[in-house]
Amino acid sequence: MKRVTKLCLAISLGLTGVSAQAADLVLGVPSWPSAGVTSNVIKIVLEENLGLDVGMQSGTNPIIWEAMDRGSMQLHPEVWLPNQQNLYQKYVVENGTVVKNQHSVEAKQGLCITKEMSDKYDIKSIYDLTDPDKSALLDSDGDGEGEIWAGEPGAASTTVEIIRAKSYGYDQTMKLVQVDIPVNFASLDAAVQAKKPYVFSCYTPHYIFALYDIVFLTEPKHNDATWKTVQPTDDPDWLAKSNADSGWPVTYVQMHYAKSLEKDQPEAAEILKNFAITSDIMSEWSYSVVVDKKSPADVAAEWVKNNQDIVNAWLGL
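Okay, so let's go over this structure.

Cut-offs used in this document
- Residues numbered from 1 in each chain as written.
- Predicted model: local features only at pLDDT ≥ 70, side-chain atom pairs only at ≥ 80, totals over all residues.
- Heavy atoms only, no water.
- Helix = DSSP H or I, 4+ residues; strand = E, 2+ residues; numbered from the N terminus.
- Rg over C-alpha atoms; globule rule 2.2 N^0.38 Å.
- Buried < 20%, exposed > 50% of the residue type's maximum accessible area, 1.4 Å probe, protein only.
- Areas by Shrake-Rupley, 256 points an atom, 1.4 Å probe, with all protein chains shown as cover.
- Lys, Arg positive; Asp, Glu negative; His and termini not counted.
- Charge placed at Lys NZ, Arg CZ, Asp CG, Glu CD.
- Core = buried A, V, L, I, M, F, W, Y, C linked by side-chain atoms within 4.5 Å.
- Contact = heavy atoms within 4.5 Å.
- Axes fitted to C-alpha atoms, helices over the stretch in contact; angles between N-to-C directions.
- Parallel < 35°, antiparallel > 145°, perpendicular 65-115°, else oblique.
- Disulfide = S-S within 2.5 Å.
- Pairing = 2+ DSSP bridges.
- Right-handed = clockwise from strand over helix to strand, strands pointing away.
- Phe/Tyr/Trp six-rings, centres within 6.5 Å; stacked < 30°, edge-to-face > 60°.
- Lys NZ or Arg CZ within 6 Å of the ring centre and 35° of its normal.

With respect to the overall build of the protein chain
On a plain count of helices and strands, the protein chain comes out with 13 helices and 10 strands. Computed over its C-alpha atoms, the radius of gyration of the protein chain comes to 21 Å, within 12% of the 20 Å expected for a compact globule of 317 residues. A buried classification covers 50% of the 317 residues belonging to the protein chain. Of the accessible surface of the protein chain, which amounts to about 14,200 Å², a share of 51% is contributed by carbon and sulfur atoms. When the 26 basic and 42 acidic side-chain charges of the protein chain are each reduced to a single mean position, those positions are 3 Å apart.

Written out as structure tokens, the structure reads:
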């Protein structure tokens, strides 16, 4: 394999200096920190080892999936399943235009609170959110009704959290707030500093568990027989037709890429097929971006430099 040194440190979360038209392939970049690092790592590896011109383009999950289907993007760095099951079904199963990398990172999803506030106010179970007295403790705007951060607007997981609130019944006692991730974590930090309880949608792996002492609210084990989540893009009557009165199923994070790469850039496709990281690596990347305030490009460059043994495994060396 020809090795070409063409490392560009000036990589951003948006388009790089290589235009989508001129690039050999374009990597999608979702909004969360670890995904930005993942795409930057892949860019560096492909450019250094294959001599490819690699562009990058930020986008939402549906946009990146549709672009992979059309061939205008070639990578989604971190697909969360079953969160994006409807997109997986359409583009991997039905259209056959997208391929799933088989090396997954296991994740856990639910609702979280700091351990200190959980112990102090006895907010330990998801059913505690249906208690009006405990709901009032989570009120930040003085209207007597508590708030929960359900997730980012438009995210598939946010839709599921709305379904879960209806299914458990705490949609009657709590307001589900949908704001961008940085706003949520600013609210969490403010609540921690003020020693007030704050409940939010959460998942591991994530840097937030290293930053604060966070615990999941307990809830029944996932019941596949009663779990049915429909996305608004699939049915206008999605909420009425959905139910999720148990914990999330085990979630997996996996890279997906355009199947056309197997023909157009087979060496690149082989690297993406071999790509594998751990949950600790994902958390480390997020922590470096959010807490240490490093750019995803700098985190990626440093990581590739210090982990050539892992990169070599992707290269089949």
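Text resumes after the structure shown.
Some details on the nonpolar core
One finds Val 41, Leu 46, Phe 200 and Trp 314 to be the most contacted residues of the largest nonpolar core, which totals 56 residues. In contact with Trp 314, other than residues within four places in its own chain, are Val 41, Val 45, Glu 270, Ile 271, Asn 274, Phe 275, Ala 276, Ile 277 and Trp 303.

Focus: the environment of Val 179
Structurally, Val 179 can be placed in the loop between strand 7 (174-178) and helix 7 (181-194). A relative accessible area of 25% means that Val 179 is categorised as partly exposed. Once the C-alpha coordinates of Val 179 and Ala 150 are considered, the two residues, 29 residues apart in sequence, prove to be 8.3 Å apart. If we ignore the near neighbours within four places in the chain, the residues touching Val 179 are Trp 149, Gly 151, Glu 152, Pro 153 and Asn 184.

Considering the packing of helix 1 (residues 33-50) against helix 11 (residues 279-290)
At a closest axis distance of 8 Å, the pairing of helix 1 and helix 11 adopts a crossing angle of 105 degrees. In terms of orientation, helix 1 lies roughly perpendicular with respect to helix 11. Contacts between helix 1 and helix 11 involve Pro 33, Ser 34, Val 37, Thr 38 and Val 41 from the former and Met 282, Trp 285, Ser 286, Val 289 and Val 290 from the latter.

Points about the state of the cysteines
Put plainly, two cysteines are in a disulfide when a covalent bond ties their sulfur atoms together. In total, this model carries 1 disulfide according to the counting rule given. Two residues, Cys 112 and Cys 202, share a disulfide whose sulfurs are 2.0 Å apart. Residues Cys 112 and Cys 202 are joined by a disulfide whose S-S torsion is about 75 degrees; by sign, that bridge is right-handed. With Cys 112 in strand 5 (residues 105-114) and Cys 202 in strand 8 (residues 199-204), the pair connects residues that are 90 residues apart, well separated along the chain. Given a relative accessible area of 0%, Cys 112 falls into the buried group.

Re the pairing of strand 2 (residues 54-58)
Both strand 1 (residues 25-29) and strand 2 contribute to a ladder of 5 bridges, which runs parallel. Opposite Val 26, over in strand 2, you have Gly 55 as the bridge partner. Handedness of the β-α-β unit built from strand 1, helix 1 and strand 2 comes out right-handed.

Points about the packing of aromatic side chains
Under the defined criterion, the tally for this structure stands at 13 aromatic pairs. Ring geometry for Tyr 127 against Tyr 168: centres 5.5 Å apart, planes inclined by 85 degrees, an arrangement best described as edge-to-face. Separated by 41 residues along the polypeptide, Tyr 127 in the loop between helix 4 (115-121) and helix 5 (132-137) and Tyr 168 in helix 6 (residues 156-168) bring together distant segments of the chain. What makes Tyr 127 partly exposed here is its relative accessible area of 43%. Their ring planes at 20 degrees and their centres at 6.2 Å tell us that Tyr 168 and Tyr 170 sit as a pair that is stacked. Accessibility assignment for this pair places Tyr 168 and Tyr 170 in one class, buried. The residue whose ring lies beneath Lys 108 is Phe 216, and the NZ or CZ to ring-centre distance is 4.2 Å.

Keep in mind these values describe shape, not function.
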